[in-house]
There are 2 protein chains.
Amino acid sequence: MLLNEMLGIEYPIIQGAMANIANADFAAAVSNAGALGIIATGSMDANQTRAEIQKCKTLTTKPFWVNVMLMNPNAADIVDVIVEEKVAVVTTGAGNAGAYVEKLKNAGIKVFPVVPSVALAKRMERLGVDGVIAEGGESGGHVGEMMTMALLPQVVDALNIPVIGAGGIGDGRGMAAALALGAVGIQIGTSLLVSEECPIHENYKNAVIKAKDTDTTVTGRSVNTPVRVMKNKMTRKYLAMEGQIESREELEKLTLGSLRRAVVEGDVQNGSLMMGQIAGMSKEVKPLKQIFEDYMSSFNTCIENLSNIQGELNGKNTK
Amino acid sequence: MLLNEMLGIEYPIIQGAMANIANADFAAAVSNAGALGIIATGSMDANQTRAEIQKCKTLTTKPFWVNVMLMNPNAADIVDVIVEEKVAVVTTGAGNAGAYVEKLKNAGIKVFPVVPSVALAKRMERLGVDGVIAEGGESGGHVGEMMTMALLPQVVDALNIPVIGAGGIGDGRGMAAALALGAVGIQIGTSLLVSEECPIHENYKNAVIKAKDTDTTVTGRSVNTPVRVMKNKMTRKYLAMEGQIESREELEKLTLGSLRRAVVEGDVQNGSLMMGQIAGMSKEVKPLKQIFEDYMSSFNTCIENLSNIQGELNGKNTK
């Protein structure tokens, strides 16, 4: 069963949980446009999370999910709020969701952890999660080392629960590729940064639009917190320091507040402009609804092309 | 037009140019099995290259190509041999093929450089190459930083010449994904390491079969020669040294002869076992013909599934 059917929504697309960006307004806008919105609580505390969930309920009658960023020191309190607010589904990112799965499941909440490997995916399945989001390291923000083309089919083969594909998906061709690899739907983030509704600074949107394919890099590999961001003055400094010192504290100082600097202040040189390798495919700001419709239309064209190719190939092969 | 039609062969599949592995016997075996074999000259000099090309001509009447590894100090001499031997097509890897394109084109030889970015792909197109192989960093051996899901559609959109997809392709689902992203065909390497015909040590084949999704790593990022290999004693030592010293010479000492140690001696702890992130998908040794037939059969199943999915989605969307 495809993701849209599972969720009772129009498109088999869920929004990436972008900390500092995906607030109640944005998540509701995504859900109202026919995909699935997710409130990202990565930079929130428990009270802020409660306020955003309650606000989102007033902004849409459609389903929305909440993401718990496991490196957030408030994660445990946020999970309690999610249970109290009876959120339908929780996704988790940047870590092992093990500690919270039982509590959420006991409260009747579905859990979809983001996983970067077959091993973590299998561990999560054993804990009883409802599905996983297999995310390749092409994506923006916190990343793993496995990439979507190789990760997705291996996770699909290893599990019996639904797998959503994420990382490196930039249009309907990417959606077709993810579905070909066995995903029931896709999660996209970078494509939505350039939506009219996305509450990031105009400079950040323009940076995504101007970005070329190779304009992102990964910082933090040496301290085991790899993050994909746009190359800028901050990343050059960070990567140079990473070669010399590997003190997590020293490096963290450099990025402290840097996502906020990008999102709120529009500082494209000193901010963390999280974006994936498909940033080069985003050429203009469009309404969310248009972005989803464009995905579906290029998906349809792509599948028709593939059917024709298959016909040609089998014509040749039947000798 | 699909790659198999362009080349007059059965499958739209070309073999990866694996130095120390893809000799005349192996390339001929691949071509005789219906895909396209490539002699990899990465570890050869001009005389060895001539001998392998002449041998390959005696072993198959089907087309085969020759790869020039641009970091090979013998690259210029090898190009001269290729011109003299009237090879039909040359692929190039691990560098900028600019220096040799004119000479090869003047000799009537087609050129397909391997490219890791849109910028290099466009530069190659301007030089008049006949197509490119866009290879994502999921692959084994020398890699770039762009990954297949994100690289392939961006290269396809930027060029007017055919694009072959490579990196992270482990079965017919991966082939369908690459074709969805706009490739005219695929290049595969890791899947062929476990062919009966592949002339690598049995220990190397067993290591591919036993490998899990996350069992590869990338060495050499600090000295700008990133190479994806299986994690072992050698890579642990290398990566530890890479954190401390960044002298190319010191690091090269560690890997000197290490590919040979893997391929010929079967030393899985101290050798460079080049393999891609799809190594986890290779479960048994099979004849080449069977590997290609399995690709085509899972490709066909995959496209049928995608057509059904499209039908379901459009049923839902037509309200």
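Peer 1: Is there a simple way to explain the overall build of chain A in this structure?
Peer 2: Within chain A, the secondary structure is distributed over 14 helices and eleven strands. Its C-alpha atoms give chain A a radius of gyration of 19 Å, near enough to 20 Å, the size a compact globule of 319 residues would have. Dimensions of chain A along its principal axes, counting C-alpha atoms only, are 65 × 45 × 35 Å. Evaluated residue by residue, chain A yields a buried proportion of 59% over its 319 residues. Nonlocal contacts in chain A, meaning residues at least 24 apart in sequence, comprise 61% of its contacts between residues at least 6 apart. Here chain A has roughly 12100 Å² of accessible surface; of this, 49% comes from carbon and sulfur atoms. Between the mean site of the 30 positive side-chain charges and the mean site of the 34 negative ones, chain A shows a separation of 3 Å.

Peer 1: Even after reading the chapter, I still don't get the packing of helix H8 (residues 172-180) of chain A against helix H7 (residues 148-158) of chain B, so can you show me in this structure?
Peer 2: Their axes nearest at 10 Å, the elements H8(A) and H7(B) cross at an angle of 140°. What the angle tells us is that H8(A) and H7(B) run oblique. The interaxial crossing formed by H8(A) with H7(B) has right-handed handedness. Side by side, H8(A) and H7(B) meet where A:Arg173, A:Gly174, A:Ala177 and A:Ala178 of the first sit next to B:Met149, B:Pro153, B:Val156 and B:Asp157 of the second. Along the lines of polarity and charge, the residues of the contact of H8(A) with H7(B) split into five nonpolar, one polar and two charged.

Peer 1: What is the right way to read the pattern of salt bridges from this model?
Peer 2: Side chains that differ in charge, positive against negative, can pair when their charged atoms come close. Evaluated as defined, the whole model comprises 24 salt bridges over all chains. With a shortest N-O distance of 2.8 Å, A:Lys103 and A:Asp80 are connected by a salt bridge. One end of the pair, A:Lys103, is in helix H5 (residues 98-106); the other, A:Asp80, is in helix H4 (residues 75-84), with 23 residues separating them in the sequence. Its relative accessible area of 42% is what places A:Lys103 among the partly exposed residues. Residue class for A:Asp80 comes out partly exposed when judged on its relative accessible area of 28%. One salt bridge connects B:Lys57 with B:Glu85, and the closest N-O pair in it is separated by 3.0 Å.

Peer 1: Looking at this structure, how should I read the interface of chain B and chain A?
Peer 2: The figure often quoted for interface size is the accessible area lost as the parts come together. With 56 residues of chain B in contact, the opposing surface of chain A contributes 56 residues. Approximately 4600 Å² of surface area, both sides summed, lies buried where chain B meets chain A, with 60% of it carried by carbon and sulfur atoms. Viewed at the interface, chain A and chain B are joined by two salt bridges. Where chain B packs against chain A, one counts 17 residue pairs in polar contact (both at pLDDT 80 or more). Of all the elements in the fold, those that place two or more residues in the side of chain B that touches chain A are helix H1 (3-7), H7, helix H8 (172-180) and helix H14 (288-317) of chain B. The element contributing the most residues to the side of chain B that touches chain A is H14(B), with 15 residues. In terms of residue class, the side of chain B that touches chain A is built from 27 nonpolar, 16 polar and 13 charged.

Peer 1: What exactly am I supposed to notice about the sheet that holds strand S8 (residues 163-166) of chain B here?
Peer 2: The strands making up a sheet associate through backbone hydrogen bonding, with each pair oriented either parallel or antiparallel. All names here are of chain B. If you walk across this open sheet you meet the eight strands as S1-S9-S8-S6-S5-S4-S3-S2, and the pairing is parallel. Two strands close off the open sheet at either side, each with one partner strand: strand S1 (13-15) and strand S2 (37-40). Strand-to-strand twist across the sheet, computed as the mean angle between neighbouring axes with direction ignored, equals 25°. Helix H2 (residues 24-32) contacts S1, S2 and strand S3 (64-69) of the sheet and is inclined by roughly 170° relative to S2.

Peer 1: For this particular structure, what's the right way to read helix H7 (residues 148-158) of chain A?
Peer 2: Structurally, the α-helix is built with 3.6 residues per turn, so residues lying three or four positions apart point the same way. With respect to burial, H7(A) is a largely interior element, nine of its eleven residues being buried. Burial in H7(A) covers these residues: A:Thr148, A:Met149, A:Ala150, A:Leu151, A:Leu152, A:Pro153, A:Gln154, A:Val155 and A:Val156.

Peer 1: Got a minute to help me understand the pairing of strand S2 (residues 37-40) of chain A in this structure?
Peer 2: Residues in a regular strand point their side chains to alternate faces of the sheet. Residue and element names in this part refer to chain A. Along S2, one buried face is formed by Gly37 and Ile39 and the opposite face, lined by Ile38 and Ala40, is buried too. Strand direction decides the pairing type here: S2 and strand S3 (residues 64-69), joined by four bridges, are parallel. Note on S3: the bridge partner recorded for Gly37 is Phe64. With helix H3 (residues 46-59) bridging S2 and its parallel neighbour S3, the resulting β-α-β unit is right-handed.

Peer 1: I'm lost on the relation of the copies chain B and chain A in this one. Help?
Peer 2: Note: a rotation about an axis with an accompanying shift along it relates these two copies of the chain. Once chain B has been moved 0.0 Å along the axis and rotated by 180°, it coincides with chain A to within an RMSD of 0.0 Å. Accordingly, the operation relating the two chain copies is best matched by a two-fold axis. When C-alpha distances to the rotation axis are compared across chain B, the minimum falls at B:Ala177, with a value of 2.0 Å. Here 100% of the interface residues in chain B have copies in chain A that are interface residues too; the copies meet face to matching face.

Peer 1: Please explain the environment of A:Phe112 as it appears in this structure.
Peer 2: Residues and elements named next belong to chain A. With respect to the helices and strands, Phe112 occurs in strand S5 (residues 110-115). By relative accessible area, Phe112 is classed as buried at 3%. With 21 residues separating them in the primary sequence, Phe112 and Ile133 have C-alpha atoms 6.5 Å apart. When sequence neighbours within four positions are dropped, the list of residues in contact with Phe112 reads Met6, Trp65, Val89, Val90, Thr91, Thr92, Asp130, Gly131, Val132, Ile133 and Ile164.

Peer 1: Would you mind showing me how to read the sheet that holds strand S10 (residues 216-219) of chain B here?
Peer 2: Residues and elements named next belong to chain B. What the three strands build is an open sheet, ordered S7-S11-S10; its pairing is antiparallel. Single-partner strands in this sheet number two, and they are strand S7 (141-142) and S10. Sheet topology places S7 next to strand S11 (residues 227-230); two bridges connect them, and they run antiparallel. Paired with His142 across the strands is Val227, a residue of S11.

Peer 1: Please clarify how the confidence of the model for chain A should be interpreted in this entry.
Peer 2: Close inspection of predicted coordinates is inappropriate in any region flagged by low pLDDT. Averaged over every residue, the pLDDT of chain A is 94; residues scoring 70 or more account for 98%. Scoring the predicted complex yields pTM 0.96 and, for the interface, ipTM 0.95.

Peer 1: I'm lost on the packing of helix H6 (residues 118-126) of chain B against H7(B) in this one. Help?
Peer 2: The axes of two packed helices give the description: the angle between them and the distance between them. Residues and elements named next belong to chain B. At a closest axis distance of 9 Å, the pairing of H6 and H7 adopts a crossing angle of 30°. For the element pair H6 and H7, the recorded crossing hand is right-handed. Contacts from Val118, Ala121, Lys122 and Glu125 in H6 reach Leu151, Gln154, Val155 and Ala158 in H7. Residue composition of the contact of H6 with H7, grouped by class: five nonpolar, one polar and two charged.

Peer 1: Honestly, a positive patch on the surface in this entry has me stumped. Any pointers?
Peer 2: On the surface, A:Lys122, A:Arg123, A:Arg126 and B:Lys283 cluster together to form a positively charged patch. Along the chain, A:Lys122 turns up in helix H6 (residues 118-127). Its relative accessible area of 37% is what places A:Lys122 among the partly exposed residues.

Peer 1: Please explain helix H10 (residues 202-210) of chain A as it appears in this structure.
Peer 2: Residue and element names in this part refer to chain A. For H10, the full list of buried residues reads Tyr204, Lys205, Ala207 and Val208. Here the buried residues of H10 occupy an arc of 160° about the axis, which is enough to place them on one side. Along H10, the residues that are exposed and aim more than 90 degrees away from the buried face are Glu202 and Lys210. On the buried face of H10, the contacting elements are helix H9 (190-193), strand S11 (227-230) and helix H13 (258-263).

Rules of the game
- Residues numbered from 1 in each chain as written.
- Chains lettered and ligands numbered in written order.
- Predicted model: local features only at pLDDT ≥ 70, side-chain atom pairs only at ≥ 80, totals over all residues.
- Heavy atoms only, no water.
- Helix = DSSP H or I, 4+ residues; strand = E, 2+ residues; numbered from the N terminus.
- Rg over C-alpha atoms; globule rule 2.2 N^0.38 Å.
- Buried < 20%, exposed > 50% of the residue type's maximum accessible area, 1.4 Å probe, protein only.
- Contact = heavy atoms within 4.5 Å.
- Areas by Shrake-Rupley, 256 points an atom, 1.4 Å probe, with all protein chains shown as cover.
- Lys, Arg positive; Asp, Glu negative; His and termini not counted.
- Charge placed at Lys NZ, Arg CZ, Asp CG, Glu CD.
- Axes fitted to C-alpha atoms, helices over the stretch in contact; angles between N-to-C directions.
- Parallel < 35°, antiparallel > 145°, perpendicular 65-115°, else oblique.
- Left-handed = near helix turned anticlockwise from the far one by under 90°.
- Nonpolar A, V, L, I, M, F, W, Y, C, P; charged D, E, K, R; others polar.
- Salt bridge = Lys/Arg side-chain N within 4 Å of Asp/Glu carboxyl O.
- Buried area = accessible area lost by both parts, 1.4 Å probe.
- Polar contact = N/O pair within 3.5 Å; in protein donor to acceptor, adjacent residues only side chain to side chain.
- Pairing = 2+ DSSP bridges.
- Right-handed = clockwise from strand over helix to strand, strands pointing away.
- Least-squares fit on C-alpha atoms with pLDDT ≥ 70 in both.
- pLDDT = per-residue confidence, 0-100.
- Patch = residues over 30% accessible without salt bridge, like charges linked within 9 Å, V, L, I, M, F, W, Y side chains within 5 Å.
- Arc of directions from axis to C-beta.

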